[in-house]
Amino acid sequence: MISLKNLFKKPDKWISVDVELDGNRPSRIIQLSYLIIEGRKVRGKNFYFAAKSINRYARKVHGLGVYELRKLSGGDVFAYHADEIYRDFQDCKLVIGHDVGGDLRYIRSEFARIGVKFPDYPIFCTLKHYTEEAHIPLKQNPKVLKPPKLEELCQHFGLSQEFISAKCQKWYGGGDHAHDARYDAAAAYLCMLVGEKMA
């Protein structure tokens, strides 16, 4: 059993992660962002990856197109940065995110494409962990609670877009809106800090 409070007192490494996808089948990662958290020290990393095509529904969510990704990524694909990403996750004691299991599945798939097995890590999923606390009833069945969207969870914890954006500016140098992976990774981490009364 992991004690979050004990972990936070030690300089153990946590990572808060989010990905954005091209929306194709199978989906590929087009943006990967994560915070490397060691005690009170937090630093952000952000990668864009070139894509051959973007599903139009996915583009409506994150706003990233093929041409824009080509410029942002410099033409790089996941394999170009795989060594750096793998090293960053090494010795990680906890991976945080909103539906973080899904994010890690896509990361594992990207590594599998280059013949590398990405390790399993303990996770803290803000989507599942705070469903009861956020207490949002399903419209179709009010007796059942709906897993909160990240924006809904931020509202529940009193985390404004301006506050999260300021943290993104500090940690990444940018990322000021939902569905930018930088913003979502930061928002999940901040939700956990508030939710676990560590902030």
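Shown above is the structure to which this text applies.
As the structure is a prediction and not an experimental result, all values here were calculated from the model. (Residues numbered from 1 in each chain as written. Predicted model: local features only at pLDDT ≥ 70, side-chain atom pairs only at ≥ 80, totals over all residues. Heavy atoms only, no water.)

A. Representation of the overall build of the protein chain in the model. Each helix and strand in the protein chain was counted, giving ten helices and seven strands. For 199 residues, the compact-globule formula gives about 16 Å, and the C-alpha radius of gyration of the protein chain, at 17 Å, lands near that figure. Reported as C-alpha extents along the three principal axes, the dimensions of the protein chain are approximately 45 × 40 × 30 Å. Every one of the 199 residues in the protein chain was classed for burial, and the buried ones make up 48%. Sequence-distant contacts in the protein chain: of pairs separated by 6 or more residues, those separated by 24 or more amount to 61%. Taking the 31 positively charged and 24 negatively charged side chains of the protein chain as two groups, their mean positions are separated by 2 Å. (Helix = DSSP H or I, 4+ residues; strand = E, 2+ residues; numbered from the N terminus. Rg over C-alpha atoms; globule rule 2.2 N^0.38 Å. Buried < 20%, exposed > 50% of the residue type's maximum accessible area, 1.4 Å probe, protein only. Contact = heavy atoms within 4.5 Å. Lys, Arg positive; Asp, Glu negative; His and termini not counted. Charge placed at Lys NZ, Arg CZ, Asp CG, Glu CD.)

B. Region of the structure containing the pattern of salt bridges. Counting across every chain of the model gives seven salt bridges. When the shortest N-O distance is used, the salt bridge between Arg-113 and Glu-110 registers 3.5 Å. Here Glu-110 and Arg-113 lie together in helix H5 (residues 100-113), a separation of three residues that amounts to about one turn. The exposure class of Arg-113 is partly exposed, given its relative accessible area of 38%. The exposure class of Glu-110 is buried, given its relative accessible area of 2%. (Salt bridge = Lys/Arg side-chain N within 4 Å of Asp/Glu carboxyl O.)

C. Expanded view of the layout of surface pockets. Each pocket or cavity is described by its volume, and for the largest pocket that value is around 440 Å³. As for the largest pocket, its lining consists of 18 residues, and the residues nearest its centre are Asp-18, Val-19, His-98, Asp-99 and His-179. Broken down by secondary-structure element, the contributors of at least two residues to the lining of the largest pocket are strand S1 (13-21), H5 and helix H8 (150-156). Residues that form the lining of the largest pocket fall into these classes: seven nonpolar, four polar and seven charged. (1 Å grid on protein atoms, 1.4 Å probe; cavity = no way out; pocket = protein on both sides within 12 Å on 5 of 7 lines; lining within 4 Å. Points joined across faces, edges and corners; volume = space filled by probe spheres on them. Nonpolar A, V, L, I, M, F, W, Y, C, P; charged D, E, K, R; others polar.)

D. Seen up close, the state of the cysteines. Per the counting criterion, the structure on display carries zero disulfides. The structure places no disulfide on Cys-92, whose sulfur is separated from the nearest cysteine sulfur, that of Cys-125, by 15 Å. The structure places no disulfide on Cys-191, whose sulfur is separated from the nearest cysteine sulfur, that of Cys-154, by 3.8 Å. (Disulfide = S-S within 2.5 Å.)

E. Molecular detail of unusual backbone geometry. For the peptide bond that leads from Arg-25 to Pro-26, omega is -5 degrees, which places it in the cis range. Locating Pro-26 in the fold gives a position in the loop between S1 and strand S2 (29-38). Located in the positive-phi region is Asp-91, a residue other than glycine, with phi close to 65 degrees. Phi at Asp-99 takes a positive value of approximately 60 degrees, unusual for a residue other than glycine. Within the secondary structure, Asp-99 is located in the loop between strand S4 (92-97) and H5. Exposure remark for Asp-99: the relative accessible area of 35% places this residue in the partly exposed category.

F. Inspection of the packing of helix H4 (residues 78-89) against H5 at higher detail. Running from N to C, H4 and H5 cross one another at 125 degrees; their axes reach a closest spacing of 10 Å. Overall, the two elements H4 and H5 adopt an arrangement that is oblique. By crossing handedness, the relation of H4 to H5 is classed as left-handed. Across the interface between the two elements, Phe-78, Ala-82, Ile-85, Tyr-86 and Phe-89 from H4 touch Ile-107, Glu-110 and Phe-111 from H5. Its residues assigned to classes, the contact of H4 with H5 shows seven nonpolar, no polar and one charged. (Axes fitted to C-alpha atoms, helices over the stretch in contact; angles between N-to-C directions. Parallel < 35°, antiparallel > 145°, perpendicular 65-115°, else oblique. Left-handed = near helix turned anticlockwise from the far one by under 90°.)

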